[in-house]
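So the chains spell out like this:
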Amino acid sequence: MLEPTSLSERINSLDFLRGIALLGILIINIESFSYPDPWNPYKYGFASEADHLVRFWVFFLAQGKFFSMFTLLFGVGFYIFLERLERKNLGLKAMDIYARRLLWLFIFGLIHAYLIWDGDVLYHYAACGFFLFPLRSFKVNQLVIVVLLFAGILLYNSYERTSKTKEQFREYTQAVKLTLEEQTEEDQKRIETWKKRTQPGEADHSNIDVPRTTLYQGWLANAEHTKVHKGAVFYQGILFRTLLLMVLGIILYKLGVFHNYRSVTYYWPITLIILVAALTTNYFRYYHWTFEYFEPVKSVGQSWLFTFPKQTLGLAYILLFNGGYQKYLKRFTANPISLVCRMALSNYILQSIICGLIFYGYGLGKYNQYSRAELLLIVIGIWLLQLSISWFWMQKFDQGPLERLWRKFTYQPFQ
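Residues numbered from 1 in each chain as written. Predicted model: local features only at pLDDT ≥ 70, side-chain atom pairs only at ≥ 80, totals over all residues. Heavy atoms only, no water.

A. Up close: the overall build of the chain. When helices and strands are counted, the chain shows 16 helices and zero strands. Whereas a compact globule of 415 residues would reach a radius of gyration of roughly 22 Å, the chain reaches 23 Å, a difference of no more than 12%. When the 415 residues of the chain are sorted by exposure, 47% land in the buried category. A fraction of 83% describes how many contacts in the chain between residues 6 or more apart in sequence connect residues 24 or more apart. Of the roughly 20,700 Å² of accessible surface on the chain, 62% is carried by carbon and sulfur atoms. Taking the average location of the 42 positive side-chain charges in the chain and that of its 30 negative ones, the two points are 12 Å from each other. (Helix = DSSP H or I, 4+ residues; strand = E, 2+ residues; numbered from the N terminus. Rg over C-alpha atoms; globule rule 2.2 N^0.38 Å. Buried < 20%, exposed > 50% of the residue type's maximum accessible area, 1.4 Å probe, protein only. Contact = heavy atoms within 4.5 Å. Areas by Shrake-Rupley, 256 points an atom, 1.4 Å probe, with all protein chains shown as cover. Lys, Arg positive; Asp, Glu negative; His and termini not counted. Charge placed at Lys NZ, Arg CZ, Asp CG, Glu CD.)

Written out as structure tokens, the structure reads:
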């Protein structure tokens, strides 16, 4: 009989970190429910200068960071799950169980993406999880090479994008030097394209119709964005970033930092250096994104500086919270944040359900009605609700409802 991981087997620091990551990703995810174009720096959410600053600080400290933490920890979780199966000498059955676990995560993700929220990341994680299987026997130095390979691909992509921008700027400067009589239709098109790209937008505070007035409309909208039925089984734009973070998580686990942060010499100095470097690069990245978004990046050095800010700060958060937990909070094994993690799948889906009911037409219809500052208050309210639900649920059960279902589907043929 294959039993679920017992409390004594759980790595408490990982539970704490996953809880923080899960709660943190709501800060950004909620904007996708609330605004028609949350990434656009001159759309709704800038009714005042204060909101402009809120947007900067939220993106500086949160955008992509908790997602990076969540991704890194998923890599750790996949590896630990497979490691424990192999320790039980299950042979090929271990591969079957691992594959079924990923398959059912993929299915849960599709249900979430098509029926609740098209921003789901679970099916993407599941697809990436199959890439991790061959890496289970790699040594740390070999995994470092894999990370560097993914990083090299991402740096090359940044270089390529910047080169195209520089070429567009070169064509623009040549075209504007010509007189109107000398300019061809192509020259005028290049001038208009560059001007449009570099012209600051105007704030849009107009009333926008609440989308998804019925669940059926929501399903149609989700299907238009989620293209798994067309063969897109993962998000191509973040594939290498996801794999890089997952492999980095495996490296940290193999180094033993989640059991004992002292296993890495100079852990705190290293953490401080990464944190300071990450905060610095993120400041420049998101200052540019918030206040200088109409100035395209034309320097390769700047584009490379902007390639990994989210990932480096996510890593810094992992190291900071991991060391802090082990040093100060380790004895509190049943803290509320860790309980949120122990039903992470259920809480992740619950966040989407709550946000849909608040902002979409089939719920309260509060779409495009809150400033970014007000949105943070809603985030805090949802946090308190999830912390309370997790606390009361885990007093009676050892798993969340969806976790229990996931485990049942994973192991049922082998019981």
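Having seen the model, we can carry on.
B. Highlighting the environment of S371. Mapping S371 onto the fold places it in the loop between α14 (344-359) and α15 (372-396). Residue class for S371 comes out buried when judged on its relative accessible area of 11%. On a C-alpha basis, the gap between S371 and Y360 in space is 16 Å, while along the polypeptide they are 11 residues apart.

C. Layout of α15. Compared with the 36 Å implied by 1.5 Å per residue over 25 residues, the 37 Å span of α15 between its first and last C-alpha is a close match. Three or more residues of α15 are buried, namely R372, L375, I378, V379, I382, Q386, S390 and M394. (Expected span 1.5 Å × (residues − 1).)

D. Structural detail: the confidence of the model for the chain. Confidence along the chain averages 90 in pLDDT terms, with 93% of residues attaining 70 or more. Taken element by element, the chain is modelled with least confidence in helix α2 (residues 49-61), mean pLDDT 88, and with most confidence in α14, mean pLDDT 97. (pLDDT = per-residue confidence, 0-100.)

E. Spatial organisation of unusual backbone geometry. Here the phi dihedral of R212 falls at roughly 55 degrees; this positive angle occurs in a residue that is not glycine. Of note, R212 is situated in the loop between α7 (185-198) and α8 (215-225). A positive phi is found at N368, a non-glycine position, where the angle reads about 60 degrees. Considering the arrangement of structural elements, one finds N368 in the loop between α14 and α15. A relative accessible area of 7% means that N368 is categorised as buried.

F. A look at the pattern of salt bridges. One pass over the structure, following the stated rule, counts 11 salt bridges. With a closest N to O distance of 3.5 Å, R190 and E171 form a salt bridge. Linking R190 in helix α7 with E171 in helix α6 (residues 140-176), this pair joins segments that are 19 residues apart in sequence. For R190, the salt bridge identified is with E186, shortest N-O distance 4.0 Å. (Salt bridge = Lys/Arg side-chain N within 4 Å of Asp/Glu carboxyl O.)

G. Here's a closer look at a nonpolar patch on the surface. A cluster of nonpolar side chains, namely I111, L115, L215, Y216, W219 and L220, defines an oily patch on the protein surface of about 600 Å² accessible area. When residues of the nonpolar patch are traced back to their parent elements, those giving at least two are α4 (92-115) and α8. Looking at the nonpolar patch, the element that brings in the most residues is α8, giving four residues. Tracing the sequence through the fold places L115 in helix α4. (Patch = residues over 30% accessible without salt bridge, like charges linked within 9 Å, V, L, I, M, F, W, Y side chains within 5 Å.)

H. A look at the packing of helix α1 (residues 12-34) against α15. Between α1 and α15, the least distance of the axes is 10 Å, while the angle of their chain directions is 125 degrees. One way to sum up the angle between α1 and α15 is to call them oblique. The element α1 and its partner α15 pack so that their crossing is right-handed. Residues L23, L26, I27, I30, E31 and S34 of α1 form the contact with α15, whose own contacting residues are R372, L375, L376, I378, V379, I382, W383, Q386 and L387. Split by residue class, the contact of α1 with α15 holds 11 nonpolar, two polar and two charged. (Axes fitted to C-alpha atoms, helices over the stretch in contact; angles between N-to-C directions. Parallel < 35°, antiparallel > 145°, perpendicular 65-115°, else oblique. Left-handed = near helix turned anticlockwise from the far one by under 90°. Nonpolar A, V, L, I, M, F, W, Y, C, P; charged D, E, K, R; others polar.)

I. Region of interest: the state of the cysteines. On inspection of all chains with the given rule, the structure shows zero disulfides. C341 takes part in no disulfide bond, and the closest cysteine sulfur, belonging to C355, lies 20 Å away. Here C341 falls in the buried class, since its relative accessible area comes to 6%. (Disulfide = S-S within 2.5 Å.)

J. Quick peek at the packing of helix α5 (residues 122-132) against helix α9 (residues 239-255). Two numbers describe how α5 lies on α9: the axes approach to 10 Å, and their chain directions differ by 60 degrees. The angle between the axes of α5 and α9 places the two elements in the oblique class. Crossing handedness for the pair α5 and α9: right-handed. Seen from α5, the contacting residues are H124, Y125, C128, F131 and L132; seen from α9, they are L239, T242, L243, M246, V247 and I250. Across the contact of α5 with α9, the residue classes tally to nine nonpolar, two polar and no charged.

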